Amino acid sequence: TADPNRPDVLVIGGGIGGLSAALALTRTGLRVRLYERAAEFGEVGAGLQIAPNCTRILDDYGLLDEATSLGVRPEHMVMKDAVDAGELTRLDLTDLQRRYGFPYMVIHRSDLHGIFLRACGRAGVDLVTSAHCVAYENIGGGARVRLADGRTDEAEVVIAADGLHSVARTLLVHDEPVNSAYVAYRAAIPFDQVRGNGVHEKDVVVYVGPRCHFVQYPLRGGRMVNQVAVFESPKALAGAEDWGTPDELDRAFDGMCAQIQKGLPLMWRDRWWRMFDRDPVMNWVSGRIVLLGDAAHPPLQYMAQGAVMAIEDGWVLAEHIGAQRARRSERASGVDWEAALAAYEAVRPEHCRRVVTTARAWGELWHHDGIKRLRRNTLLRSRDTHDYTFTDWIYGPTALTPEQEPELYPTIPLDPVNG
Ligand code: FAD
């Protein structure tokens, strides 16, 4: 007889990608078990920007109100020059919401992670911690995983949401994370510590400067502020092992504007995040083993779409599973997995390839110095605030098929300085 507890799907990794995928699949009626390596579920206590292409999905899951109550809906996204603090361009996020139908939101990571964790609990996902997956294998009609303690488990499909250093990815490609030589420092602190420092209370502000940038936005109903300080590490460029250390932080922002100087002493100095991405790959499916989230497409964070893409992946996969589902039998889920996985793989890798490569280009533009910086500033200042040419492809509804994926942008504008 069939094991009534046997899951249809195993999800490996309990980050935002794995939890949101587990929830999405459970909503289609599948039995899902999730394995997380850590002893407890959790996320870093810093901020996360969530664009309309993701709040649309949170709404579909019935989680948008809870997210809104815990987060902040900023009024503008403002880009400034880090050297002279002059404004370069802005997005009016109220108008953006009108255009895309859903809000732009910022939220504490652990709040969003907690929302998904609780929703998975309510939906009946079997959540297992202290489960370190070390091997994956396709078997007849499904896939099997092996844990570090020797346990094995199997299901019709295994979704690997195991992040940047994914073990499952090695089944598909033998690549290494690409080191950008940039490092991020973070801080989420009471707003009172920065009030009066010229900090915008209701906006996301990004200061872009030579080989560095600095981000500030409110969190938790405006009671906190999130700061991110990112810079290119000279030690990384010199090939040193020990790079991105706090002494480099102190030097990286020399000569930047007063607002940044006031924010820098408040950064957490006991941990930092070295910025790696990977070159895009277009094959994410090996038999019944599927990549999702950073395991498939870790980006540099300059588009603020890493977690968003992971959440979109799970939503798209679940939509195709729902469409390819016949009746459950005693032993099987009734999903035509080959069709569902092929539909997922037909659309998501290309979208994520665009985001990963655009994030690299966007980062380069942010970090220009000298004449390139001045040209960039001219270009950005000439942009109409309500021109959505560069955001439609990303903030519009998540495509389910390649045909629905919009053009990246219709035309690349000419350099206004050199014609
Ligand atoms: P992860 O969050 O890495 O989760 C992987 C999970 O799998 C972890 O819980 C890990 O413990 C577990 N795991 C790993 N290996 C195993 C194993 N072998 N067995 C079992 N479990 C395992 N994105 C946005 O959308 N908006 C932003 O504003 C934004 N800002 C960012 C700012 C910074 C400074 C950085 C560094 C990133 C930012 N991102 C942002 C990107 C975003 O954080 C990631 O893309 C996202 O968290 C990826 O989620 P994930 O679940 O795929 O992977």
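Refer to the structure presented above.
Fair warning: this is a prediction, and the values are worked out from it, not measured in the lab.

(A) Up close: the pattern of salt bridges. Inspection of every chain in the model, using the stated rule, returns 34 salt bridges. Residue Glu137 pairs with Arg144 through a salt bridge whose shortest N-O separation is 3.4 Å. By relative accessible area, which is 40% here, Glu137 ends up partly exposed. For Arg144, a relative accessible area of 28% puts it in the partly exposed group. For Asp369, the salt bridge identified is with Arg211, shortest N-O distance 3.1 Å. Residue Asp369 is found in the loop between α10 (337–366) and α11 (370–381), and its partner Arg211 is found in the loop between β13 (203–209) and β14 (212–219); the two are separated by 158 residues along the sequence.

(B) Summary view of the site of the ligand. With respect to spatial proximity, 31 residues lie near the ligand, and among them Gly17, Glu36, Gln49, Cys133 and Asp294 are the closest. The separation between an oxygen atom of the ligand and a polar side-chain atom of Arg109 is 2.9 Å. Residue Asp294 places a side-chain N or O atom 2.8 Å away from an oxygen atom belonging to the ligand. Contact with the protein chains covers 87% of the free accessible surface of the ligand, which is 1,000 Å². Only α1 (16–27), β3 (47–50), β12 (178–190) and α9 (306–323) provide two or more residues apiece to the shell around the ligand.

(C) Quick look at α1. Here α1 is twelve residues long and its end C-alpha atoms lie 17 Å apart, about the 16 Å a rise of 1.5 Å per residue gives. For α1, the tally of buried residues reaches eleven of twelve residues, placing the bulk of the element in the interior. Every buried residue of α1 is accounted for by Ile16, Gly17, Gly18, Leu19, Ser20, Ala21, Ala22, Leu23, Ala24, Leu25 and Thr26. Directly after α1, the chain includes Gly29, whose backbone phi takes a positive value near 100°.

(D) Representation of unusual backbone geometry in the model. We note that Ala181 has phi near 70°; this positive angle belongs to a residue other than glycine. Relative to the elements of secondary structure, Ala181 occurs in strand β12. Its identity as a non-glycine residue notwithstanding, Arg211 has a phi of 55°, on the positive side. Note on Arg211: relative accessible area 39%, which makes it partly exposed.

(E) Structural view of the nonpolar core. Counting 140 residues, the largest nonpolar core has Phe116 and Phe253 as its most contacted members. For Phe253, the residues in contact, after removing those within four places along its chain, are Cys212, His213, Phe214, Ala229, Val230, Phe231, Ile260, Gln261 and Leu264.

(F) Region of the structure containing the sheet that holds strand β5 (residues 87–92). Sheet architecture is open: seven strands sit in the order β5-β4-β13-β14-β15-β12-β16, paired in mixed fashion. Among the strands making up the open sheet, the edge pair consists of β5 and β16 (273–277). Ignoring strand direction, the axes of neighbouring strands in this sheet form an average angle of 20°. Both β13 and β14 contribute to a ladder of five bridges, which runs antiparallel. Bridge pairing in β14 places Tyr207 opposite Phe214. In the packing of helix α4 (residues 93–100) onto the sheet, contacts are made with β4 (76–81) and β5, and the angle to β5 comes to roughly 45°. Running over the sheet, α10 touches β4, β12, β13, β14 and β16 and is turned about 65° from β13.

Thresholds applied
Residues numbered from 1 in each chain as written. Predicted model: local features only at pLDDT ≥ 70, side-chain atom pairs only at ≥ 80, totals over all residues. Heavy atoms only, no water. Salt bridge = Lys/Arg side-chain N within 4 Å of Asp/Glu carboxyl O. Buried < 20%, exposed > 50% of the residue type's maximum accessible area, 1.4 Å probe, protein only. Helix = DSSP H or I, 4+ residues; strand = E, 2+ residues; numbered from the N terminus. Near = heavy atom within 4 Å. Polar contact = N/O pair within 3.5 Å; in protein donor to acceptor, adjacent residues only side chain to side chain. Areas by Shrake-Rupley, 256 points an atom, 1.4 Å probe, with all protein chains shown as cover. Expected span 1.5 Å × (residues − 1). Core = buried A, V, L, I, M, F, W, Y, C linked by side-chain atoms within 4.5 Å. Contact = heavy atoms within 4.5 Å. Pairing = 2+ DSSP bridges. Axes fitted to C-alpha atoms, helices over the stretch in contact; angles between N-to-C directions.

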